[in-house]
Amino acid sequence: QKEVEQDPGPLSVPEGAIVSLNCTYSNSAFQYFMWYRQYSRKGPELLMYTYSSGNKEDGRFTAQVDKSSKYISLFIRDSQPSDSATYLCAMSPQEQAGTALIFGKGTTLSVSS
Amino acid sequence: NAGVTQTPKFRILKIGQSMTLQCTQDMNHNYMYWYRQDPGMGLKLIYYSVGAGITDKGEVPNGYNVSRSTTEDFPLRLELAAPSQTSVYFCASSYGRGSKNIQYFGAGTRLSVL
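Residues numbered from 1 in each chain as written. Chains lettered and ligands numbered in written order. Predicted model: local features only at pLDDT ≥ 70, side-chain atom pairs only at ≥ 80, totals over all residues. Heavy atoms only, no water.

(A) Inspection of the overall build of chain A at higher detail. Helix and strand counts for chain A stand at zero helices and 11 strands. In sequence order, chain A lays out its α and β elements as β-β-β-β-β-β-β-β-β-β-β. Its C-alpha atoms give chain A a radius of gyration of 14 Å, within 12% of the compact-globule value 13 Å for 113 residues. The C-alpha extent of chain A, read off along each of the three principal axes, is 45 × 30 × 25 Å. The proportion of buried residues among the 113 residues of chain A is 44%. The long-range share in chain A, meaning contacts at least 24 apart out of those at least 6 apart in sequence, stands at 55%. Accessible surface for chain A amounts to roughly 5,300 Å². Of this, 47% is attributable to carbon and sulfur atoms. Positive and negative side-chain charges in chain A, numbering 10 and 11 respectively, have mean positions lying 5 Å apart. (Helix = DSSP H or I, 4+ residues; strand = E, 2+ residues; numbered from the N terminus. Rg over C-alpha atoms; globule rule 2.2 N^0.38 Å. Buried < 20%, exposed > 50% of the residue type's maximum accessible area, 1.4 Å probe, protein only. Contact = heavy atoms within 4.5 Å. Areas by Shrake-Rupley, 256 points an atom, 1.4 Å probe, with all protein chains shown as cover. Lys, Arg positive; Asp, Glu negative; His and termini not counted. Charge placed at Lys NZ, Arg CZ, Asp CG, Glu CD.)

(B) Geometry of the nonpolar core. All names here are of chain A. Formed by 24 residues in total, the largest nonpolar core has its most connected members in Trp35, Ile72, Leu74, Tyr87 and Met91. Those elements giving two or more residues to this core turn out to be β3 (19-25), β4 (30-38), β5 (45-51), β7 (61-66), β8 (71-76), β9 (85-93) and β11 (107-112). Sequence-distant contacts of Leu74, that is, excluding residues within four places in its chain, are made with Val19, Ser20, Leu21, Trp35, Leu47, Met48, Phe61, Thr62 and Tyr87. (Core = buried A, V, L, I, M, F, W, Y, C linked by side-chain atoms within 4.5 Å.)

(C) Just the interface of chain A and chain B, in detail. Between chain A and chain B, the contact holds 22 residues from the first and 23 residues from the second. When chain A packs against chain B, close to 1,700 Å² is buried across both sides, 57% of that on carbon and sulfur atoms. Across the chain A-chain B interface, the total number found is zero salt bridges. Across the chain A-chain B interface, the total number found is three residue pairs in polar contact (both at pLDDT 80 or more). Going through the elements one at a time, β4, β5 and β9 of chain A are the ones with two or more residues in the side of chain A that touches chain B. The element that contributes the greatest number of residues to the side of chain A that touches chain B is β4 of chain A, accounting for four residues. When the residues that make up the side of chain A that touches chain B are grouped by side-chain class, the tally is 11 nonpolar, seven polar and four charged. (Buried area = accessible area lost by both parts, 1.4 Å probe. Salt bridge = Lys/Arg side-chain N within 4 Å of Asp/Glu carboxyl O. Polar contact = N/O pair within 3.5 Å; in protein donor to acceptor, adjacent residues only side chain to side chain. Nonpolar A, V, L, I, M, F, W, Y, C, P; charged D, E, K, R; others polar.)

(D) Fine view of the sheet that holds strand β8 (residues 76-78) of chain B. All names here are of chain B. Spatial ordering of the open sheet is given by β1-β3-β8-β7, a layout of four strands whose pairing is antiparallel. Every interior strand has two partners, whereas the edge strands, β1 (4-7) and β7 (64-66), have only one. Averaged over all pairs of adjacent strands, the angle between strand axes in this sheet comes to 20 degrees, irrespective of strand direction. (Pairing = 2+ DSSP bridges. Axes fitted to C-alpha atoms, helices over the stretch in contact; angles between N-to-C directions.)

Structural data, given as structure tokens:
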């Protein structure tokens, strides 16, 4: 079993739809969870950052972490064509457990107008 | 506000040639990283550094070398280019590990080895 699993998609939705992107993981040591957005031919940019379990909201984006299920989600409300990108989940253990930031392979999202 | 800067943006190499991918950050981050990204394969860590003079191997270090003489710079060296090294290379930096391990990425170097 890979350490982080992410459905690669592609995922195609109409403008205004609610999008749900998900990752599962196997390492219970992960404490910090991130979502990166990567536009075509660009570098990944940080979109959301959460610590441990719970929800975090930023505008149209909501990140959820369920550590008991080892499952994280990113919700996009009122999706826009500008949200079309690849979304990568990433996670990191506590400081003493090393430097690794483990990435999912990314989900490609296309929002049509 | 430059962040992480990578040069060149694109490069075509012949098999056996060598080159250095440059990476500079202006955020005073201690940690720096090199990744490669192949289609459908996600980001794979090549090398990383926790400070000037300290480097360590990541998941896929074969065929690459790094050095870190200053906090700002972390060049990646390809000595004998092979077609398997055709990829997009990203440099990243962060303050540290754990809660400080939010990594900031450069725009990437797209490399083709023919």
